[in-house]
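Remarks on the overall topology
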Amino acid sequence: MDTKTNYWNGIDKIQYVGHQDKKSSFGFQYYNPEEVIAGKKMKDWLRFSVAYWHTFDQRLVDPFGDGTAQRPYDNYTDPMDLALAKVDAAFEFYDKLGVDYLCFHDRDLAPEGDTLRQTNANLDKVVDKIVEYQKTTGMKVLWNTSNMFSNPRFVDGAATSPFADVFAYSAAQLKHSLEIGKRVGSENYVFWGGREGYESLWNTNMKQEQEHAAKLFHLAKDYANEIGFDAQMMLEPKPKEPTTHQYDFDAATTIAFMKEYDLDKDFKLNLEGNHANLAGHTYQHEIRVAREAGLLGSLDANQGDKLIGWDIDEFPSNLYATTAAMYEVIENGGIGPRGGLNFDAKPRRSSFEANDLFRSHIVGMDSFAAGLRIAAAMKEDGFLDNLKADRYSSYKSGIGADIESGKADLKSLEDYSLDKTQADLVGATHSDHLEQVKDTINHYIVETLSK
Ligand code: XUL
Ligand code: CO
């Protein structure tokens, strides 16, 4: 197979140049894949992945405008020729960018036919080509998934559709997608609840719809076991868009759903920065909730913006947010059992040239690499560990230790508290000095990045 294509004309392999020497935009300032940070190579902490749907398919539309994207395969008119050409362009892109993973939906890869049988045949042809490339390049699939939300048949959802034929079709589509996952060796398999939610409660059987969603997840896990597809299954929360209310609203809601329907042993969470933003949380909050429940699976790397109402899938550039995310990842010992950072992100509509796809991945990769360096420096100094150990130190001895061990009950706690004065209680607290904490975090950011 000819891997010497030249779609991304004029772009050489992206190298680590370091921030002192960064004279052109085509170099990493902070991402040095082989460098060891906090006991692991950067590339093994970060496990960057390119999202097929955004990077190779997205035309840069927004709700008010058509696509502006200029892509090197735009001259192909036949949909299958285009799909096959994109695979060449994609593998050349991965090589030049220096990433080891890709993610895709089934429908990102190939056009649909009139029947599922025809659609599967189109898809298999493209997957054959991907598998061939994997053999020669070693590229891995972080996760694949099934697009059960774009086609009009999914107008009211897939598993949660009120129409049984749509549930049946979704299950059939999913079956083939799992088989493809096995063929490409996907490390994880993701379910983002595309239109699994409601527009209005007046016409919705919420309980029945959620039972149907859980049923499809169980069927998927059972079938994956049956065919020996050993991927970590994951649910990806999002609070709204496209439906008014998505059932997998946020990490906490999704964990409750997983526990209610006995999915928490086999499924973990794939968390996205922009979805956290839409849920009124931070990315760090979502990762913390999953981590502390032992359910952190993987991360979709992007950012939202509170100043704009919709899902903007912006490439990450906010160092404060990437530092916070990587702090949680370090505390977790890694992103997840087989997790990575998948750039579920697209350039702005005004960044429409082909080379902007490289520029945007570079800022995303550098922002997470910088976040890793900063979080590792804070960890190494024990800054936040000491801060928290001190803050909760009253639980180490005395009444605090009795509360922790379960020795204390309401009567003993009343005995302890009944004659304490207001001054005693206020005296038992102390200032968090939170502004100083934030000043120190700023110091770590500036200091670490200027080394
Ligand atoms: C949509 C979204 C999806 C999932 C995969 O907001 O994040 O791209 O990551 O279906
Ligand atoms: Co996503």
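Residues numbered from 1 in each chain as written. Chains lettered and ligands numbered in written order. Predicted model: local features only at pLDDT ≥ 70, side-chain atom pairs only at ≥ 80, totals over all residues. Heavy atoms only, no water.

Rules: UniProt positions are given in the numbering used here, feature names are shortened, and annotations may be inferred rather than shown by experiment.
If you look the protein up in an unreviewed UniProt entry, it shows as Xylose isomerase from Levilactobacillus paucivorans. The annotation that UniProt attaches to the protein under Subcellular location (unreviewed entry) is "Cytoplasm". If you open the UniProt record of the protein and go to Sequence similarities (unreviewed entry), you find "Belongs to the xylose isomerase family."

1. Side note on the packing of aromatic side chains
Just so we agree on the cut-off: Centres within 6.5 Å are what make two rings of Phe, Tyr or Trp a pair, Trp counting through its six-membered ring; a difference in plane orientation under 30 degrees is then read as stacked, over 60 as edge-to-face, and the rest as tilted. Both a distance and an angle decide whether a charge sits over a ring: NZ of Lys or CZ of Arg must be within 6 Å of the ring centre and within 35 degrees of the ring normal.
Evaluation of the coordinates by the stated rule reveals 28 aromatic pairs. Here the guanidinium or amino end of Lys40 rests over the ring plane of Trp45, the centre of that ring lying 4.0 Å away. The ring of Tyr416 carries the charged tip of Lys420 above its face, separated from the ring centre by 4.3 Å.

2. Details of the site of ligand 1
Here is the rule we go by: Throughout, near means a residue has at least one heavy atom within 4 Å of the molecule or strand. Whenever two N or O atoms come within 3.5 Å, that pair is a polar contact, provided that in protein one can donate a hydrogen and the other can accept it, and provided that, for residues adjacent in sequence, both atoms are side-chain atoms. Only the protein chains shown count as cover for residues, and all accessible areas are computed by the Shrake-Rupley method using a 1.4 Å probe. When residue character is reported, Ala, Val, Leu, Ile, Met, Phe, Trp, Tyr, Cys and Pro are called nonpolar, Asp, Glu, Lys and Arg charged, and the others, Gly included, polar.
The environment of ligand 1 is made up of Trp53, His105, Trp143, Trp192, Glu236, Lys238, Glu272, His275, Asp300, Asp311 and Asp344. Between ligand 1 and Asp344, the relevant distance is 2.7 Å, taken from an oxygen atom to a side-chain nitrogen or oxygen of the residue. When isolated, ligand 1 has an accessible area of 290 Å², and the protein chains bury 94% of it. Split by residue class, the shell around ligand 1 holds 3 nonpolar, 2 polar and 6 charged.

3. Considerations on the nonpolar core
Defined as follows: Working definition of a nonpolar core: buried Ala, Val, Leu, Ile, Met, Phe, Trp, Tyr and Cys residues. They are joined through side-chain atoms within 4.5 Å. Under the scheme applied here, a residue whose accessible area is under 20% of the maximum for its type counts as buried, over 50% as exposed, and between as partly exposed, the area being computed with a 1.4 Å probe on protein chains only. Numbering of helices and strands runs from the N terminus; a helix is a DSSP stretch of H or I covering at least four residues, while a strand is a stretch of E covering at least two. Domain delimitation in this document rests on an assignment produced automatically or drawn from a domain database. Any two residues whose heavy atoms approach within 4.5 Å are treated as being in contact.
Counting residues in each nonpolar core, the largest one holds 108 residues, and the members touching the most others are Leu46, Tyr94 and Leu97. With 13 residues, helix α12 (residues 355–380) is the largest single contributor of residues to this core. The residues that make up this core include at least three from each of domain 1 (31–381) and domain 2 (386–450). Sequence-distant contacts of Tyr94, defined by excluding residues within four places in its chain, comprise Val50, Tyr52, Phe56, Val99, Leu102 and Met139.

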